[in-house]
Amino acid sequence: MDTAHLTRAAVAGSLAVGAALTVVSVATMPDFSGDQAARLEAVAASPRAALSALTWVLSQPLLGLGVVGVAHLARGRAPVLATLAAVLFGLGALGHAVYGGVNLAMLAMAEDLGAVEAHVAVLDRLETGTMLPFMAAGLLGTVLGLLLLAAALWRADVGPRWVGPALVAFVLLEFVGSNFSRWAGVASGALLLLALVTLAVAVLRSSPAHWRTEAEAGAAAAIGAATRRNEVTA
């Protein structure tokens, strides 16, 4: 397997696995609807809290890599949209991954509920101070990155035509609809998984030429020309 095929496979795998891990994380997430103390109690009561936190952290770099790869595939026909989508979604993945570290810390805090007031004070300081820009990047970067990616996919005609609108629908369901119905969150997760797995298939079906660097393409052309000359000489 040459580097072009390896890169293509890595991008497709990152999309599919990242999407699956995200869905697992959200599906196993404890109830975080209350205040910090209630959240810590929910983490302590949930046998799946560790799975949710770990899969969330692992999913973010994979999704970032996958979306950057898809943006690379779309940049030939939509260079500005694809580049902005990759940058913004990358910032969103970074923000979410950093905040995932707080979720990991909450696992340890939940084992010591006798000091819940001290833990709550630490979490409050984090969310109103150091973590604030990362939380903003996670939300805004993901929302704007996905919307721009949807536009880039539509304009560049990458993947089935419905994938772009599906990503827009995911954003609306996840960040608007979930405030009104828990079923909107379920639907958004299914939609995201379907859209990203479909994009992974589109990546796997793309030409290896899209994944070669100029140096690799030049070397391949030189080898092909030399082979043809040898065949003519023979």
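See the structure printed just above.
Residues numbered from 1 in each chain as written. Predicted model: local features only at pLDDT ≥ 70, side-chain atom pairs only at ≥ 80, totals over all residues. Heavy atoms only, no water.

Asker: Quick rundown of the packing of helix 1 (residues 3-27) against helix 3 (residues 49-74)? Include the residues and the values.
Answerer: Two elements in contact, helix 1 and helix 3, have axes separated by 7 Å at closest approach and are oriented at 150°. Of the possible angle classes, the one that applies to helix 1 and helix 3 is roughly antiparallel. The chirality of how helix 1 crosses helix 3 is left-handed. (Axes fitted to C-alpha atoms, helices over the stretch in contact; angles between N-to-C directions. Helix = DSSP H or I, 4+ residues; strand = E, 2+ residues; numbered from the N terminus. Parallel < 35°, antiparallel > 145°, perpendicular 65-115°, else oblique. Left-handed = near helix turned anticlockwise from the far one by under 90°.)

Asker: Describe the layout of surface pockets, and please don't skip the residues or the numbers.
Answerer: In this structure, the largest pocket encloses a volume near 1,600 Å³. Every residue lining the largest pocket is counted, 48 residues in all, and those nearest its centre are Val 26, Met 29, Trp 56, His 96 and Glu 174. Where the lining of the largest pocket is concerned, the elements lending two or more residues are helix 1, helix 2 (36-45), helix 3, helix 4 (79-109), helix 6 (132-156), helix 7 (163-175) and helix 8 (182-205). With eight residues, helix 8 is the largest single contributor of residues to the lining of the largest pocket. Of the residues belonging to the lining of the largest pocket, the class tally is 26 nonpolar, 17 polar and five charged. If you add up the space inside the second largest pocket, you get close to 370 Å³. For the lining of the second largest pocket, the secondary-structure elements that each account for two or more residues are helix 3, helix 8 and helix 9 (214-233). (1 Å grid on protein atoms, 1.4 Å probe; cavity = no way out; pocket = protein on both sides within 12 Å on 5 of 7 lines; lining within 4 Å. Points joined across faces, edges and corners; volume = space filled by probe spheres on them. Nonpolar A, V, L, I, M, F, W, Y, C, P; charged D, E, K, R; others polar.)

Asker: Quick one: what's the story with the packing of aromatic side chains, residue by residue and with numbers?
Answerer: A full pass over the atoms with the stated rule returns one aromatic pair. On the numbers, 6.4 Å between centres and 80° between planes, the contact of Phe 170 with Phe 175 is edge-to-face. Given a relative accessible area of 29%, Phe 175 falls into the partly exposed group. Stacked on the ring of Trp 154, the Lys or Arg Arg 161 has its end atom at 3.8 Å from the ring centre. (Phe/Tyr/Trp six-rings, centres within 6.5 Å; stacked < 30°, edge-to-face > 60°. Buried < 20%, exposed > 50% of the residue type's maximum accessible area, 1.4 Å probe, protein only. Lys NZ or Arg CZ within 6 Å of the ring centre and 35° of its normal.)

Asker: Pulling in residues and values, what's your account of helix 2?
Answerer: All of the buried residues in helix 2 are Gln 36, Leu 40, Ala 42 and Val 43. In a view along the axis of helix 2, the buried residues occupy a sector of 160°, so they form one face of it. The inward-facing, buried residues of helix 2 abut helix 3, helix 4 and helix 5 (116-128). (Arc of directions from axis to C-beta. Contact = heavy atoms within 4.5 Å.)

Asker: Now, about empty space enclosed by the protein: what can you tell me, with residues and values included?
Answerer: According to the stated counting rule, one finds one cavity of 30 Å³ or more in the structure shown. Together, Ala 150, Leu 153, Trp 154, Asp 157, Val 158, Gly 159, Pro 160, Arg 161, Val 163 and Gly 164 line the largest cavity. Mapped by element, the contributors of at least two residues to the lining of the largest cavity are helix 6 and helix 7. When its residues are assigned to classes, the lining of the largest cavity shows six nonpolar, two polar and two charged.

Asker: Mind laying out the pattern of salt bridges, listing which residues take part and the relevant values?
Answerer: Going through the model one piece at a time under the given rule, you end up with three salt bridges. Residue Asp 2 pairs with Arg 212 through a salt bridge whose shortest N-O separation is 3.8 Å. Highlighted residues: Asp 2 in the segment before helix 1 and Arg 212 in the loop between helix 8 and helix 9, separated in sequence by 210 residues. Across the salt bridge formed by Asp 157 and Arg 161, the nearest N and O atoms sit 3.5 Å from each other. Judged by relative accessible area, which is 39%, Arg 161 ranks as partly exposed. (Salt bridge = Lys/Arg side-chain N within 4 Å of Asp/Glu carboxyl O.)

The values reported here are purely geometric and, on their own, carry no functional implication.
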